[in-house]
Amino acid sequence: MKQSIDPSDSANQITQLCLVCSPEPQTKTLLSPKDFRIRKPAPLVLKPMLCDQQEDSQKAVGCEYNFKDLRLGKKIGSGAFGDVFVGFIQGKFIAVKQMDGKQLIESVDNEIIILSKLTHKNIVQYYGYMREAGMLNVYLEYMDGGSLSDRLKQFGKFNETLIRKFTIQILDGLIYLHRQAVVHRDLKCGNILSNQRGQIKIADFGSSSWKEAINLSDTEFCYSFKWMAPELLLKEKKYGRRVDVWSLGCVIIEMATAEHPWPNIKSLAQLLEAIQNLKCPPIPTHLSKECQNFIKRCCTYNKDQRPHAEILKEDPWIKKEI
Ligand SMILES: Nc1ncnc2c1ncn2[C@@H]1O[C@H](COP(=O)(O)OP(=O)(O)OP(=O)(O)O)[C@@H](O)[C@H]1O
């Protein structure tokens, strides 16, 4: 099936982002992925984008921001590549992802390249990065509600009204990403952050690709596998944006149950067997028929029959008046 991407729309957005991100104004209008290489290390003063936190604005405002003034606060989380702290600068809170620069691996660089060209109300905003004393600090929008998986652990499963509200926001974020030809590949509640205003944003682009080939390691069972589309697990060479649509179905199951999708699966071999036999993760029966049907559409085994995120925006469950 042909992918519904409006090239002019995409090109305009990328051009606009590049103009905001780059230290020098660009005059080019046609850009390619190589235009988004990481800038040379160690600039102390960056010109990041700052979103107005008071509004749901998609507009990024360019301004000078000296990270030397940053004060580091308490640790708010940790992941495979390092720790995340809250930072305070010029009266604003930001998140600081701190990683050992020496152990810096490709996927972190990958995350920076991808983040630096994205700006959308449902994508965690990237402000800049700095290498200092062997550490790499990545500066991000601070999401004071933490991840959705933190919220599920704390408060238990969400009701369908909230699930629908969050799904609409995730869909908007995905539609934007996919228009930029970015595939997230690791969408799960742990990588979706929330704030006190009920907004949610997609984060953690360490696994994202710029139309690049996948390199899946099957030597150890990684729990992210449970959110993965069959074509990724089966290491098919051709896969696309719709792997994120499968994961969205799994995210809805996670929100509805406060458990991983495929809750009884403990190994990659078991997962592969289950996915090939059942074709779809178990769908919670307490959800409305429309919601169950939406999950089924997301988790369509055959990727060519699986709808794109844009098409799902028109689904009756999403469009219904509440
Ligand atoms: N921008 C942010 N604002 C607020 N909290 C954040 C932010 N980014 C990360 N966190 C918190 O820090 C935790 C760790 O985030 P991080 O992105 O480093 O790792 P992860 O996604 O949990 O795991 P991994 O990188 O190993 O996949 C998150 O679960 C979240 O609670």
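Residues numbered from 1 in each chain as written. Predicted model: local features only at pLDDT ≥ 70, side-chain atom pairs only at ≥ 80, totals over all residues. Heavy atoms only, no water.

Notes on the sheet that holds strand β12 (residues 192-194)
Pairing is antiparallel across the open sheet formed by 3 strands, whose spatial order is β10-β12-β13. Taken across any chain shown, the strands that pair with only one partner, and hence form the sheet edges, are β10 (146-147) and β13 (200-202). (Pairing = 2+ DSSP bridges. Helix = DSSP H or I, 4+ residues; strand = E, 2+ residues; numbered from the N terminus.)

Here we look at the site of the ligand
Neighbouring residues of the ligand: 15 residues in total, closest A80, E141, M143, N191 and D204. K97 is positioned such that a nitrogen or oxygen atom in its side chain is 3.1 Å from an oxygen atom of the ligand. At a separation of 3.0 Å, an oxygen atom of the ligand approaches a polar side-chain atom of N191. Considered on its own, the ligand offers 610 Å² of accessible surface; in the complex 83% of this is hidden by protein. The set of elements that each furnish at least two residues to the shell around the ligand consists of β5 (71-79) and β7 (92-100). If you tally residues by element for the shell around the ligand, the top one is β5, at 4 residues. (Near = heavy atom within 4 Å. Polar contact = N/O pair within 3.5 Å; in protein donor to acceptor, adjacent residues only side chain to side chain. Areas by Shrake-Rupley, 256 points an atom, 1.4 Å probe, with all protein chains shown as cover.)

Some thoughts on the pattern of salt bridges
One pass over the structure, following the stated rule, counts 11 salt bridges. The partner of K97 in a salt bridge is D204, and the shortest N-O contact between them spans 3.6 Å. Here D204 lies in the loop between β13 and β14 (209-210) and K97 lies in strand β7, a separation of 107 residues in the sequence. Under the relative-accessibility criterion, K97 is labelled buried at 16%. We classify D204 as partly exposed; its relative accessible area is 27%. Through salt bridges with shared partners, a single network forms among K121, D172 and K313. (Salt bridge = Lys/Arg side-chain N within 4 Å of Asp/Glu carboxyl O. Buried < 20%, exposed > 50% of the residue type's maximum accessible area, 1.4 Å probe, protein only.)

Side note on the state of the cysteines
Where two cysteines share a covalent bond between their sulfur atoms, that bond is called a disulfide. Scanning the model with the defined rule gives 0 disulfides in all. Here C280 is not cross-linked by a disulfide; its sulfur's nearest cysteine counterpart is in C299, at 4.8 Å. Residue C299 stays outside any disulfide, its sulfur separated by 4.4 Å from that of C250, the closest cysteine. (Disulfide = S-S within 2.5 Å.)

So, the packing of helix α4 (residues 160-179) against helix α6 (residues 242-257)
With their axes 11 Å apart at the nearest point, α4 and α6 run at an angle of 160° to one another. Between α4 and α6, the angle falls in the class roughly antiparallel. The hand of the α4/α6 crossing is right-handed. Along its contact with α4, which presents I163, F166, T167, I170, L171, L174 and H178, the element α6 presents D244, L248, V251, I252, M255 and A256. (Axes fitted to C-alpha atoms, helices over the stretch in contact; angles between N-to-C directions. Parallel < 35°, antiparallel > 145°, perpendicular 65-115°, else oblique. Left-handed = near helix turned anticlockwise from the far one by under 90°. Contact = heavy atoms within 4.5 Å.)

Section: helix α8 (residues 289-298)
Every buried residue belonging to α8 is among C291, Q292, F294, I295 and C298, and all of these are buried. When α8 is viewed along its axis, its buried side chains cluster within an angular range of 155° and face the same direction. Residues of α8 that are buried in the fold lie against α4, α6, α9 (309-312) and α10 (316-319). (Arc of directions from axis to C-beta.)

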